[in-house]
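Each chain is listed here by its residues.
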Amino acid sequence: MANAASGMAVHDDCKLKFLELKAKRTYRFIVYKIEEKQKQVIVEKLGEPAQSYEDFTASLPADECRYAVYDFDFVTEENVQKSRIFFIAWSPDTSRVRSKMIYASSKDRFKRELDGIQIELQATDPTEMGLDVIRSRAS
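Conventions adopted
Residues numbered from 1 in each chain as written. Predicted model: local features only at pLDDT ≥ 70, side-chain atom pairs only at ≥ 80, totals over all residues. Heavy atoms only, no water. Core = buried A, V, L, I, M, F, W, Y, C linked by side-chain atoms within 4.5 Å. Buried < 20%, exposed > 50% of the residue type's maximum accessible area, 1.4 Å probe, protein only. Contact = heavy atoms within 4.5 Å. Salt bridge = Lys/Arg side-chain N within 4 Å of Asp/Glu carboxyl O. Helix = DSSP H or I, 4+ residues; strand = E, 2+ residues; numbered from the N terminus.

**Some remarks on the nonpolar core**
Consideration 1: Y32, V41, Y67, V69 and F110 are the most contacted members of the largest nonpolar core, which has 21 residues in total.
Consideration 2: The contact partners of Y67, leaving out residues within four places of it in the chain, are I30, V31, Y32, I34, V41, F87, I88, I102, Y103, S106, K107 and F110.
Consideration 3: Y53, A68, I88 and A138 belong to the second largest nonpolar core, which has 18 residues in total.

Okay, structure coming up:
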């Protein structure tokens, strides 16, 4: 189904892989890309459960927008193991204006397709989504 505001469809794989991350913890992260020619959001990269946050940030292009989901595990002050699912809208300052506009106008609808996101983050450079930021938002 295309979004009236931006005309973007969401590939079924986007939802299926997200459900696998959420329910089965098959992946540590998922990077999504908008294919402008097909006018749809697709899965670009899947991160294995053993991959680190550094592996995740390295898989985001320095000058192109992306959506991403990251399953963050942490231990609370009470020593309880927890996890939070982050939705990250990556929109680097160096990306094309048209790309930023398409990602911004499609974000809310795409996010609604992924049922179970707990925390949203908007980042225009790596410092805005550093591990310290993720940790502070998770607890």
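**A few points about the pattern of salt bridges**
Consideration 1: Per the counting criterion, the structure on display carries 11 salt bridges.
Consideration 2: Between E44 and R66 there is a salt bridge whose closest N-O contact spans 2.7 Å. Of the two residues, E44 sits in strand β3 (residues 40-47) while R66 sits in strand β4 (residues 66-75), which places them 22 residues apart along the sequence.
Consideration 3: Classification of E44 by relative accessible area gives partly exposed; the value is 34%.
Consideration 4: Judged by its relative accessible area of 5%, R66 falls in the buried class.
Consideration 5: Connected through salt bridges with shared partners, the residues R25, R28, D71 and D73 form a single ionic network.

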